[in-house]
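Listed here are the chains, written in short residue letters.
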Amino acid sequence: MQGSSTLIAAQMAAELRASGVDVIDLSVGEPDFDTPQFIKQYAWEGLEKGLTKYTATAGLADFRNAIIEFYASQFGTDLKLNEVAASCGGKQALFNAACTILNPGDDVLIPKPYWVTFPEIVTFCRANSVFIETEDTEFVLNADQVAAAITPKTKLLILNSPSNPSGRVIPPDEMRRIVEACAARGVYVLTDECYLFFAYPPAKPFSLASLPPELRNFVCVAGSFSKTYAMTGWRAGYTIANPEWTAAMIKLQSHSATHPTSFVQYACAKALRNTDATLAAVTAMTAEYKRRRNWLIPALNEIDGFKCAIPEGAFYAFVDVRELLGERFASSADIADLLLKEAHIVVTDGEGFGADGFLRFSYATSMENLERAIDAMSSIFNVPA
Ligand SMILES: Cc1ncc(COP(=O)(O)O)c(C=O)c1O
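Along each chain, residue indices are assigned from 1 in the same order as the chain's sequence is written. Local features in this predicted model are restricted to residues of pLDDT 70 or higher, and side-chain atom pairs are both shown and tallied only at a pLDDT of 80 or more, whereas totals for entire chains, interfaces and linings draw on every residue. The basis for every side-chain value is the complete set of non-hydrogen atoms in the structure, without hydrogens or water.

Participant: What should I look at first to understand the overall build of the protein chain in this one?
Facilitator: Secondary structure follows DSSP: runs of H or I at least 4 residues long count as helices, runs of E at least 2 residues long count as strands, and numbering of each begins at the N terminus. Helix and strand content of the protein chain: 13 helices and 13 strands. Taking 2.2 N^0.38 as the reference for a compact globule, 385 residues should give roughly 21 Å; the C-alpha atoms of the protein chain span a radius of gyration of 21 Å, in line with that estimate. Only protein chains enter the accessibility calculation, which uses a 1.4 Å probe; a residue is then buried when its area is under 20% of its type maximum, exposed when over 50%, and partly exposed in between. Evaluated residue by residue, the protein chain yields a buried proportion of 58% over its 385 residues. For this analysis, residues touch if any pair of their heavy atoms sits within 4.5 Å. Sequence-distant contacts, at least 24 apart, represent 74% of the contacts inside the protein chain between residues at least 6 apart. Taken over C-alpha atoms, the radius of gyration is set against a globule rule of 2.2 Å times the number of residues to the power 0.38.

Participant: For this particular structure, what's the right way to read the domain arrangement of the protein chain?
Facilitator: A common way to report how large an interface is uses the accessible area buried once the components associate. Note that domain bounds follow an automatic or database assignment of domains. For the protein chain, the assigned domains read domain 1 (5–35 + 279–379) and domain 2 (37–277). Each of domain 1 and domain 2 has a C-alpha centre, and these two points are 26 Å apart. Contacts between the two partners involve 35 residues from domain 1, matched on the other side by 39 residues from domain 2. By buried area we mean the combined loss of accessible area, with a 1.4 Å probe, across both parts when two parts are placed together. Summed over both sides, the interface between domain 1 and domain 2 buries roughly 3,000 Å², with carbon and sulfur atoms accounting for 58% of that surface.

Participant: Got a minute to help me understand the site of the ligand in this structure?
Facilitator: The full set close to the ligand counts 13 residues, and Gly90, Asp192, Ser224, Ser226 and Lys227 are the nearest of them. Here an oxygen atom of the ligand sits 2.8 Å away from a polar atom, N or O, in the side chain of Tyr195. Within the side chain of Lys227, an N or O atom sits 2.6 Å from an oxygen atom of the ligand. The method behind every accessible area is Shrake-Rupley, applied with a 1.4 Å probe, and residues are considered shielded solely by the protein chains displayed. Protein burial of the ligand: of its 400 Å² of free accessible surface, 91% is covered by the chains. Among the elements that line the shell around the ligand, the one with the most residues is helix H4 (residues 89–101), at three residues. Here the residues of the shell around the ligand sort into three nonpolar, six polar and four charged. We define proximity as follows: a residue is near a molecule or strand when any one of its heavy atoms falls within 4 Å of that partner. In the analysis that follows, any N or O atom pair within 3.5 Å is treated as a polar contact, provided that within protein one partner can donate a hydrogen and the other can accept it, and provided that, for residues neighboring in sequence, both atoms belong to side chains. Any residue outside Ala, Val, Leu, Ile, Met, Phe, Trp, Tyr, Cys, Pro, Asp, Glu, Lys and Arg is labelled polar, Gly included; the first ten of those are nonpolar and the last four are charged.

Participant: So what exactly am I meant to see when it comes to the environment of Val140 here?
Facilitator: The residue Val140 is located in the loop between strand S4 (128–132) and helix H6 (143–149) in this model. Along the backbone, Val140 and Asp304 are 164 residues apart, and their C-alpha atoms lie at a distance of 25 Å. Not counting residues up to four positions away in its chain, the partners in contact with Val140 are Thr134, Gln145, Arg168, Val169, Ile170 and Pro171.

Participant: Would you explain the packing of aromatic side chains in this entry?
Facilitator: Stacked, tilted and edge-to-face are the three classes assigned to paired rings of Phe, Tyr and Trp, where Trp is represented by its six-membered ring and a pair needs centres within 6.5 Å; plane angles under 30 degrees give stacked, over 60 edge-to-face, the rest tilted. By the definition in use, this model includes 28 aromatic pairs. With 5.9 Å between their ring centres and 40 degrees between their planes, Phe63 and Phe225 make a pair best called tilted. With Phe63 in helix H3 (residues 61–75) and Phe225 in the loop between strand S7 (219–224) and strand S8 (237–240), the pair connects residues that are 162 residues apart, well separated along the chain. An aromatic cluster of three or more residues is present, and its members are Phe63, Phe70, Tyr71, Phe75, Phe197, Phe225, Tyr229 and Tyr238.

Structural data, given as structure tokens:
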């Protein structure tokens, strides 16, 4: 397995900052907001109540029921307790799901560009990543592309919408068609819904948990509190899958992390049940990301050689810099390197996402940082007329 290229970029930024350099870090995949105060308070309440011991491996029934109720209220679902399990963040949810469905030699479809961890999980399971090119459809996967890629060896498709790194959102109807194409051929779908609520209007949050049972049977939702509620460090996530898949994931987790922190589960359950306050916090954060996006994307497109489609979700701009490749730069990594050395701007190279020639800019940072970055990049790349 390879180390996470996004975490490597973040570490580079931290090291530079520690040596006294004023770094503009556009590499972080982490909200720049603090966890809402009332959620912190719930964690304290959980501690006071003595939630300092083991819980069930699947998580507190209260946590799982809160997920069930929250999804029912937001997506009209009718989930059962044996379809929901707690995990330590979205990453463990993805690992649990992949490790319990894959056998060595299985093929796993992964649309490009992908989140760095997907092919690494597949490698860990001794399965094979089979990539689907989506540049023709502007990085928005469709059911025809999936159907054309399926072979008898295909076991699983991994989806991520809104996408890290592209910020593109697959429309709900197309998501359904994709699952139909998979289910008809006995292929499972693992959907990483970590950015579920960061879909900018008119795009809307859409969960594959809301599909009818005969389709949902083939789906595992990997959910996370990290981005939606600005809770990256709390390590709270969950899976929603059929009872058999869920039972297998619980069995696996019973031999690894056991369960996420007890009082964190308590705080998450309370937060989901205080739905109005929680959704108000999410709406405020989404509106701020959207404001930054609306400023940043046109500004990036003003830089010579940069081309960026408008992201409909998440908080990343995925910039095509292939026009700049040639004599001065052999690869997008060289451009990232120059930005770091000349302007102390840290961005993530596209290669780790399967998209050499692209750079990912996170706008989970202040407007001031974004403005400084654009000023610095304009003076590097824009040739005066
Ligand atoms: C697409 C995607 N999935 C999952 C994760 C991991 O989230 P968590 O903190 O819940 O493990 C990230 C974090 O960057 C992500 O971008």
